[in-house]
Amino acid sequence: MHVKIHEDNVGALTLGKLEPRRMTPRSKHYAIKYHWFREHIGPRNIQLEKVASSEQLGDIFTKGLSAQPFSYLRSKLMGW
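All chains use their own residue numbering, which begins from 1 and follows the written sequence. Where local features are concerned, this predicted model is filtered to residues with pLDDT of at least 70; where side-chain atom pairs are given and counted, the filter is 80 or more; whole-chain, interface and lining totals use all residues. The side-chain numbers reported here are obtained from all heavy atoms of the structure, hydrogens and water having been left aside.

**Q** Pulling in residues and values, what's your account of the overall build of the protein chain?
**A** Where helices and strands are cited, they refer to DSSP runs of H or I of at least four residues and of E of at least two residues respectively, numbered from the N terminus. The number of helices and strands found in the protein chain is five helices and two strands. Its helices and strands in sequence order give the protein chain the pattern β-α-α-α-β-α-α, from N to C terminus. Working definition: with a 1.4 Å probe on protein chains only, accessible area under 20% of the residue-type maximum means buried, over 50% means exposed, and in between means partly exposed. Burial analysis of the protein chain (80 residues in total) assigns 21% to the buried set. For the protein chain, long-range pairs separated by at least 24 residues make up 46% of all intrachain contacts whose partners lie at least 6 apart in sequence. Note on areas: these come from Shrake-Rupley sampling with a 1.4 Å probe, and a residue is covered only by the protein chains present in the view. Split by element, the accessible area of the protein chain, about 6400 Å² in all, is 58% carbon and sulfur. We call two residues in contact when some of their heavy atoms are within 4.5 Å.

Structural data, given as structure tokens:
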């Protein structure tokens, strides 16, 4: 099974693709918790893909959007 994760946060994409030995002091604690995730990125099961912030479907559930972005994301979710 292949899973695509659409992410608009450049920092999250960078951390997801770094090797555990290249962790920064501020992100060092992620190395243990997300070790399994990193093993599956790339040629295995999980692919990280950059998506524009205006196309991030999750924002409809987590942010207070104005009418236009809300309608646009709702139409994408509903397939209208």
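**Q** I'd love a proper account of the pattern of salt bridges, names of residues and values included.
**A** The working definition used for a salt bridge is a side-chain nitrogen of Lys or Arg within 4 Å of a carboxyl oxygen of Asp or Glu. All chains considered together, the criterion is met by two salt bridges. Note that Glu55 is salt-bridged to Lys76, the shortest N-O span being 2.4 Å. Of the two residues, Glu55 sits in the loop between β2 (46–50) and α4 (59–62) while Lys76 sits in helix α5 (residues 67–78), which places them 21 residues apart along the sequence. Among the residues examined, Lys76 registers a relative accessible area of 37% and is labelled partly exposed. The salt bridge involving Lys63 is made with Asp59; its shortest N-O contact spans 3.5 Å.

**Q** Any chance you could break down the environment of Ile5 for me, citing the residues and the numbers?
**A** As for its position among the elements, Ile5 is in strand β1 (residues 3–7). The sequence separation of Ile5 and Ile46 amounts to 41 residues, and the corresponding C-alpha distance is 7.3 Å.

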